[in-house]
Amino acid sequence: MDFSPVIISLKTAVCALLIVFPAGTLLAWQVMNIQRQRLKIVMDSLLTLPTVAGLLLLCLFGVNRPLGRFFLDVFGVKIAFSFASTVIASAFVSFPMMYRSARGAFEQVDPHLLDAARTLGMGETKIFLRILLPNSIPGLLSGSVLAFTRGLGEFGATAMLAGNIAGRTRTLPLAVYSETASGRMDTALVYAGILMVFAFASLLLMSRAGNTKWRN
């Protein structure tokens, strides 16, 4: 049995989380601070807009497409059908979960705390770091776990942008598909079981952390 899909999936999900956690958290904070309600609604919708992710990413990062050609010409890096493309696809589809979780966590913080900090002369950045973030940790943790599990199980966008290259871009969901299509159901079930174990372990860790560390 080839264990490379397990390693590729874990590396992909971790790398994607390192992108979407700061991006989703910071953008959620920025959108929350927008004063114009219509603009806030538009930005919120754009950042959670469901898209045909795989096709869109392929149109952007394909070898002869704008971003794909830029990275190839300037850095000599081919994005499509590489490990980087699995990370991009995973980050793209898991970002909305991190963003929405961060927005929800920030909105649960007592606004009187923020107003009190402003009356004491604290700047918005200091308020964010010292008040908003510490009081939003459970929600941010939940968002990061959901984003991680979503990235771990990503199939469509990865297949479109990264392909299904054994030992290179074949993640666990793609391995399940490949083994099923080849009639090797036993191996497909093993891959599916590993994927479920990782997802369950992540959710269990989130639940235990939320029930013990942050509530006591």
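Residues numbered from 1 in each chain as written. Predicted model: local features only at pLDDT ≥ 70, side-chain atom pairs only at ≥ 80, totals over all residues. Heavy atoms only, no water.

Novice: So what exactly am I meant to see when it comes to the packing of helix H1 (residues 4–32) against helix H10 (residues 172–181) here?
Specialist: The axes of two packed helices give the description: the angle between them and the distance between them. Packing of H1 against H10 leaves a shortest axis separation of 8 Å and a crossing angle of 150°. Taken as axis vectors, H1 and H10 run roughly antiparallel relative to one another. Where H1 abuts H10, its residues Pro5, Val6 and Ser9 lie against Leu172, Pro173 and Ala175. Considered class by class, the residues forming the contact of H1 with H10 number 5 nonpolar, 1 polar and no charged. (Axes fitted to C-alpha atoms, helices over the stretch in contact; angles between N-to-C directions. Helix = DSSP H or I, 4+ residues; strand = E, 2+ residues; numbered from the N terminus. Parallel < 35°, antiparallel > 145°, perpendicular 65-115°, else oblique. Contact = heavy atoms within 4.5 Å. Nonpolar A, V, L, I, M, F, W, Y, C, P; charged D, E, K, R; others polar.)

Novice: What is the right way to look at the environment of leucine 60 in this model?
Specialist: Looking at the secondary structure, you find leucine 60 in helix H3 (residues 53–61). Relative accessible area serves as the criterion here: at 31%, leucine 60 is assigned to the partly exposed category. Leave out the neighbours within four places in its chain, and leucine 60 touches Arg65, Pro66, Leu67 and Gly68. (Buried < 20%, exposed > 50% of the residue type's maximum accessible area, 1.4 Å probe, protein only.)

Novice: Help me out: how do you make sense of the packing of H1 against helix H7 (residues 124–132) in this one?
Specialist: Put simply, H1 and H7 touch, their axes get as near as 12 Å, and they point 120° apart. For the element pair H1 / H7, the angle class is oblique. You can see that H1 and H7 cross each other, and the crossing is right-handed. Where H1 abuts H7, its residues Thr25, Leu26, Trp29 and Met32 lie against Glu124, Thr125, Phe128 and Leu132. Across the contact of H1 with H7, the residue classes tally to 5 nonpolar, 2 polar and 1 charged. (Left-handed = near helix turned anticlockwise from the far one by under 90°.)

Novice: Sorry, what's going on with the nonpolar core here?
Specialist: The nonpolar side chains of soluble globular proteins are, as a tendency, buried together. Counting 23 residues, the largest nonpolar core has Phe106 and Leu132 as its most contacted members. Elements that contribute at least two residues to this core include exactly H1, helix H5 (83–108), helix H6 (111–119), H7 and helix H8 (137–152). Contact partners of phenylalanine 106, with chain neighbours within four places excluded, come to Thr25, Ala28, Trp29, Met32, Phe128, Leu132, Leu133, Ser136 and Leu140. Grouped together as the second largest cluster of nonpolar side chains are 8 residues, Leu57, Phe61, Ile79 and Leu161 included. (Core = buried A, V, L, I, M, F, W, Y, C linked by side-chain atoms within 4.5 Å.)

Novice: I would appreciate a short explanation of H10 in the present structure.
Specialist: Note that an α-helix has 3.6 residues per turn; residues three or four places apart therefore point the same way. Where burial is concerned, most of H10 is hidden: 7 out of the 10 residues are buried. Residues of H10 that are buried include every one of Leu172, Pro173, Leu174, Ala175, Val176, Ser178 and Glu179, and no others.

Novice: What am I meant to see in the confidence of the model for the chain here?
Specialist: For any part of a model where pLDDT is low, the fine detail of the predicted coordinates should not be relied upon. With 93% of its residues at a pLDDT of 70 or more, the chain shows a mean pLDDT of 87. Predicted confidence for residues 212–216 stays below pLDDT 50, and this span has 6 contacts to residues more than four positions away or in other chains. (pLDDT = per-residue confidence, 0-100.)

Novice: For this particular structure, what's the right way to read the packing of aromatic side chains?
Specialist: Aromatic ring pairs are reported here in terms of the distance separating the ring centres and the angle at which the planes meet. Summed over all chains, the structure comprises 7 aromatic pairs. Between phenylalanine 70 and phenylalanine 75 the ring centres are 5.9 Å apart and the planes differ by 80°, which places this aromatic pair in the edge-to-face class. According to the relative accessible area criterion, phenylalanine 70 is partly exposed, its value standing at 41%. In this structure phenylalanine 75 comes out as exposed when scored by relative accessible area, which is 51%. (Phe/Tyr/Trp six-rings, centres within 6.5 Å; stacked < 30°, edge-to-face > 60°.)

Novice: For this particular structure, what's the right way to read a nonpolar patch on the surface?
Specialist: A contiguous nonpolar patch, built from Leu39, Val42, Leu46 and Leu49 and spanning about 360 Å² of accessible area, is present on the exposed surface. With respect to the secondary-structure elements, leucine 39 resides in helix H2 (residues 37–47). (Patch = residues over 30% accessible without salt bridge, like charges linked within 9 Å, V, L, I, M, F, W, Y side chains within 5 Å. Areas by Shrake-Rupley, 256 points an atom, 1.4 Å probe, with all protein chains shown as cover. Salt bridge = Lys/Arg side-chain N within 4 Å of Asp/Glu carboxyl O.)

Novice: Can you walk me through the pattern of salt bridges in this structure?
Specialist: Should the charged atoms of two oppositely charged side chains come close, the side chains can pair. Across all of its chains, the model carries 8 salt bridges by this definition. In this structure, arginine 69 and aspartate 73 form a salt bridge, with 3.3 Å as the shortest nitrogen-oxygen distance. Taken together, the positions of arginine 69 and aspartate 73, both in helix H4 (residues 66–75) and 4 residues apart, correspond to about one turn of that helix. Note on aspartate 73: relative accessible area 53%, which makes it exposed. With a closest N to O distance of 2.6 Å, glutamate 179 and arginine 184 form a salt bridge. Residue classification places arginine 184 among the partly exposed positions, given a relative accessible area of 44%.

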